[in-house]
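# Topology and contacts: notes
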Amino acid sequence: MTSKGNSKNSQRKVKQKKQNTDKKMVTVDNHVKMTSNIEPGLLKQNDISPVKGKQNKSLKKGIKRKAEDSHAINETFQVSNAAVSHPKMSQKVGCRHLEKYKGDRPDYLDNFKTIAELSMRWYKIGIPRENKMLMHQKCSECSLKGDRLHACLDCVFIGCWRGESHARKHYKNTHHTFATDVQRLEIFCFRCGDYIYDIDYDNVKKHEEVRAEEKESDIKEPARKRARYVPWRPTEEESERIKRNSTPFPCSGLRGLLNMGATCFMNAVLQTFMHNPIIKNYFMTDKHNKNICGTSGCMCCEVDNLFQEFHSGEKKPYPPCSFLQSMWLSSKELAGYSEQDAHEFYLAAINKMHGDSHETKHQELNANIQNCECIMHKTFGGCFQSRIKCSQCDMSSDREEHMVEWQLHLRGLVTNQKKKNGTKGSQESNSSEMDVDKNSLEDCLDRYCEKEQLPGFKCEDCEIRLLNEDDSSEKAKDSVNSCSRTTTCKKLPPVLTFVVERFHRASTKTNTIKNEAEFEFPEEIDMAKWTSRGHDVLEKGGTLDDLPNYKYNLLSVVNHEGKINTGHYTVYCKSRDRWFLFDDHAVKCASVEEVLQSKRKAYLCFYVADTLEYDQPNIN
Amino acid sequence: MSESENEQKLASELKSRILETQERNKLKRLLTKRLRDCGWKDKIKKRCVDKIRTEGVENIKLDQLEEYVLKHGREAVPDDVKVEMLQQISSYLDKHVSQLEKNIK
Ligand SMILES: [Zn+2]
Ligand SMILES: [Zn+2]
Ligand SMILES: [Zn+2]
Ligand SMILES: [Zn+2]
Ligand SMILES: [Zn+2]
Ligand SMILES: [Zn+2]
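These numbers were taken from a predicted model, which means no experiment stands behind them.

### Comments concerning the overall build of chain A
Helices and strands together make up the secondary structure of chain A, namely 24 helices and 19 strands. A separation of at least 24 residues holds for 67% of the contacts in chain A among residues at least 6 apart in sequence. Carbon and sulfur atoms make up 49% of the accessible area of chain A, which amounts to about 32900 Å² in all.

Below, the structure is given as structure tokens:
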């Protein structure tokens, strides 16, 4: 890194880099210490690639990605200090038998190290499955494979645990006191009858885990030449200094996007993706890594790239050229894209990323999108239920419909130039005077879930019944008008997308009109009332108190300002509990009041679930 | 060969086949995933942690803890998970039993 600029500048750079490096080490060390299972990818992000030229850049990226957590460093430090100095902890954990054993056997770690090494080969390193399986160990006595095998720390015996428990029998026969779970690498003391913790064994385990990680990335991405992990524990003085000099990155993950020629619709939607905690989590944990996938035109890779750019520490607005390019190239849907509508783009992006995702299993079978495992459908995919009921008989039939958005109809029409088109327009703008303030999100949802009569819809059950009875035309007429439909939400997605229907087309001849009626939306909303479950409970006269938590919090709001064709998109997003306004390249702080005031502009509103539910097992 | 002998042989053949072909591991992985996804694992873990807290970490051994959660844990497995596992097992058996029977005879 030879910076030939003025000396002051380069000095500062070096300093900054030094500081960054310190931070990085701390985070790595802490991760190794604090988490027993190193998430694949966690360490990978910290790779220092010694490839020439690229070095500086990738180093920075690695740091900044991790730096997301940098505000947690101080906390982590306190935690780890506390753990060490806690008198109870150091006295109580551990077993007397082991203390003695360690005294008698200076080589007490050797066997364990071998087992740990093998264990990583068997269970961790992602070499092709078949190979891995062939090497699976089995019980020395009964050849049972896989089930909580325990290896003796004194000899080469490996025994099963449940049932016959040859591991226990081995202890009874030989009095070899310690065994380790071959997969989890925890130490069991047969005399204590319990798993015990010992820091020396634990360190060996951690060491082997890191080495396994390194090997894995050597196999998966040989080109990256992952640097070897060197343990480092800050001295007291060093950790003091780090604490003193560390400040969280205040604006990490915020970056404007340049307008590439009327691409604000795209920029706005992309910003919502970038600040969507579920999507962010997915990409920040390397679930779709552009270096591994590498498919050209893959939109997931493009989003992965955006995350890297957003967390690179670079403050200049980013030009999403390659994003745009691969969008044009790869998708017919988007290529002829003249509408420049954020909502359309949102849908197209979901489809495209669904297609590019590695988790997508039912690519050919669109029918099975319901259970799609791709990140977009896992984030935005929910399900409506429309129930058709007949008032004449007991007929009731449910239909489920997959959804990635909730379209909300505004009551009343408010346009820039009042009474613009035809008779219908004037009529509606009259009524708008009265209804205009009733367009809150809650109102719209109430209306959406209202029972709706289905004139002309024939109830099949009634028809059959009438055929059997003597046909009377009066009754037949009833059966035609007896049905109603109620639509409720059967499964709420983790992130709810509300689309405010602002763009109307009164007839094919007229132009599309923009409705600028006020749409009020809260910062927090309890969706229970509009779920199928909640709806049923209320219908039976129950209360919603016993339902699970269906609370949602506002996450981002895409605004459309100005006229329909010349209009402009901006977006409010919440990042780390603070609101920001993204206007293409510009990023500004915003207050929640300001966000909630965008009633006339709000077009897409994203809400994120307060608590994420467990997956419901689903067999089909 | 008598009927029961035949059956026994078939059973042991099946057992070793399931082990050899990693079918068992496959099923185990599926089960683990399902149990984790539906919250069973967290529930059981919480139960264990609560028990350890109330008894005190020094006063409870692994065996006791196992005994404490075992019955409850079995009951707490959601029915759909059980059904799915049974389906998987029986579809595996359907595939292999007839073939094995031929081999034995
Ligand atoms: Zn055994
Ligand atoms: Zn032994
Ligand atoms: Zn002991
Ligand atoms: Zn990709
Ligand atoms: Zn999908
Ligand atoms: Zn009917």
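### Thoughts on the packing of aromatic side chains
Residues and elements named next belong to chain A. Summed over the entire model, instances satisfying the criterion amount to 25 aromatic pairs over all chains. Measuring from ring centre to ring centre gives 6.5 Å for Phe-273 and Tyr-346, while their planes differ by 50°; the resulting arrangement is tilted. In this pair, Phe-273 sits in helix α11 (residues 264–274) while Tyr-346 sits in helix α17 (residues 342–356), placing the two residues 73 residues apart along the sequence. Given a relative accessible area of 2%, Phe-273 falls into the buried group. Using a relative accessible area of 0% as the deciding quantity, one classes Tyr-346 as buried. Every member of this aromatic cluster is reached through a ring pair, and the members are Trp-161, Tyr-171, Phe-188, Phe-190 and Tyr-195. Positioned above the aromatic ring of Trp-161 is the side chain of Arg-168, whose terminal nitrogen or guanidinium carbon lies 4.7 Å from the ring centre.

### Side note on the pairing of strand β18 (residues 586–590) of chain A
A regular strand places its side chains on the two faces of the sheet in alternate fashion. Residues and elements named next belong to chain A. Taken together, the five bridges between strand β17 (residues 578–583) and β18 define a ladder with antiparallel strand orientation. Paired with Leu-581 across the bridge in β18 is Lys-588. What sits between the antiparallel neighbours β17 and β18 is a turn of two residues, in which Asp-584 has the positive phi angle 50°.

### Some words on the confidence of the model for chain B
All names here are of chain B. Per-chain confidence: chain B averages 85 in pLDDT, with 95% of residues scoring 70 or above. Looking across chain B, the model is least confident in helix α1 (residues 3–20), with a mean pLDDT of 78, and most confident in helix α3 (residues 40–55), with 91. Across the assembled chains, the prediction reports ipTM 0.77 with pTM 0.61.

### A closer look at the pattern of salt bridges
As enumerated under the stated definition, the model contains 31 salt bridges over all chains in all. A salt bridge links Asp-398 of chain A to Arg-387 of chain A; the nearest nitrogen and oxygen atoms lie 2.7 Å apart. Placement of Asp-398 of chain A in strand β7 (residues 396–403) and of Arg-387 of chain A in strand β6 (residues 382–390) is noted, with a sequence separation of eleven residues between them. The shortest N-O distance in the salt bridge between Asp-50 of chain B and Lys-46 of chain B comes to 3.0 Å. Of the two residues, Asp-50 of chain B and Lys-46 of chain B both sit in helix α3, four residues apart, roughly one turn of that helix. Among the residues examined, Lys-46 of chain B registers a relative accessible area of 54% and is labelled exposed. One network of salt bridges, in which partners are shared, links Lys-102, Asp-198 and Asp-200 of chain A.

### Describing the coordination of the zinc ion (ligand 5)
All names here are of chain A. Donor atoms from the polypeptide that coordinate the zinc ion (ligand 5) comprise His-354 (ND1), Cys-372 (SG), Cys-374 (SG) and His-377 (ND1), at 1.9 to 2.3 Å from the metal. The coordination sphere of the zinc ion (ligand 5) comprises four donor atoms, whose angles at the metal cover 100 to 122°; the geometry is tetrahedral. The sequence pattern describing where the donors of the zinc ion (ligand 5) fall on their chain is H-x17-C-x1-C-x2-H. Of this pair, His-354 sits in helix α17 while His-377 sits in helix α18 (residues 375–380), placing them 23 residues apart in sequence.

### Considerations on the side chain of Arg-255 of chain A
All names here are of chain A. Mapped onto the elements of the fold, Arg-255 is located in the loop between α10 (236–245) and α11. A relative accessible area of 5% means that Arg-255 is categorised as buried. In terms of polar contacts, Arg-255 uses its side chain to reach the backbone carbonyl oxygen of Glu-309, at 3.0 Å. In contact with Arg-255, not counting residues within four places along its chain, are Gln-271, Glu-309, Phe-310, Ser-312, Glu-314, Lys-315, Lys-316, Pro-317, Tyr-318, Phe-582 and Val-587.

### Side note on the environment of Val-269 of chain A
Residues and elements named next belong to chain A. For Val-269, the location among the structural elements is in helix α11. Taking the relative accessible area as the measure of exposure, Val-269 reaches 0% and is therefore buried. Once the C-alpha coordinates of Val-269 and His-343 are considered, the two residues, 74 residues apart in sequence, prove to be 8.3 Å apart. Apart from residues no more than four positions distant in its own chain, Val-269 is found in contact with Ala-342, Phe-345, Tyr-346 and Leu-604.

### Focus: the coordination of the zinc ion (ligand 2)
For the zinc ion (ligand 2), the protein coordination sphere consists of Cys-152 of chain A (SG), Cys-155 of chain A (SG), His-170 of chain A (NE2) and His-176 of chain A (ND1), at 2.0 to 2.3 Å. Sequence spacing of the donor residues for the zinc ion (ligand 2), all on one chain, is C-x2-C-x14-H-x5-H.

### Here's the deal with the environment of Glu-164 of chain A
Residues and elements named next belong to chain A. Inspection of the secondary structure puts Glu-164 in the loop between β2 (158–159) and α8 (166–174). C-alpha separation for the pair Glu-164 and Cys-142, spaced 22 residues apart in sequence, amounts to 8.9 Å. At a separation of 3.3 Å, a polar atom in the side chain of Glu-164 contacts the side chain of Lys-169.

### Brief notes about the sheet that holds β7 of chain A
Residue and element names in this part refer to chain A. Strand order across the open sheet formed by four strands is β7-β6-β10-β9, with antiparallel pairing between neighbours. Sheet topology places β7 and β9 (452–453) at the edges, where each strand pairs with a single neighbour. Of the pairings in the sheet, the one linking β6 to strand β10 (residues 483–491) comprises eight bridges and is antiparallel in character. Paired with Cys-390 across the two strands is Cys-483, which belongs to β10.

### What about the nonpolar core?
Residue and element names in this part refer to chain A. Formed by 53 residues in total, the largest nonpolar core has its most connected members in Phe-273, Phe-323, Phe-345, Met-376 and Phe-380. For this core, the leading source of residues is α11, giving eight residues. Counting the residues that make up this core, at least three belong to each of domain 2 (264–356) and domain 3 (407–447 + 490–609). Counting 37 residues, the second largest nonpolar core, distinct from the first, contains Leu-441, Leu-547, Leu-581 and Ala-609.

Procedures and definitions
Residues numbered from 1 in each chain as written. Chains lettered and ligands numbered in written order. Predicted model: local features only at pLDDT ≥ 70, side-chain atom pairs only at ≥ 80, totals over all residues. Heavy atoms only, no water. Helix = DSSP H or I, 4+ residues; strand = E, 2+ residues; numbered from the N terminus. Contact = heavy atoms within 4.5 Å. Areas by Shrake-Rupley, 256 points an atom, 1.4 Å probe, with all protein chains shown as cover. Phe/Tyr/Trp six-rings, centres within 6.5 Å; stacked < 30°, edge-to-face > 60°. Buried < 20%, exposed > 50% of the residue type's maximum accessible area, 1.4 Å probe, protein only. Lys NZ or Arg CZ within 6 Å of the ring centre and 35° of its normal. Pairing = 2+ DSSP bridges. pLDDT = per-residue confidence, 0-100. Salt bridge = Lys/Arg side-chain N within 4 Å of Asp/Glu carboxyl O. Donors = N, O, S within 2.8 Å, 3.2 Å for Na, K, Ca; no water. Tetrahedral: all angles 85-135°; square planar, octahedral: opposite > 155°, others 65-115°. Polar contact = N/O pair within 3.5 Å; in protein donor to acceptor, adjacent residues only side chain to side chain. Core = buried A, V, L, I, M, F, W, Y, C linked by side-chain atoms within 4.5 Å. Domains from an automatic or database assignment.

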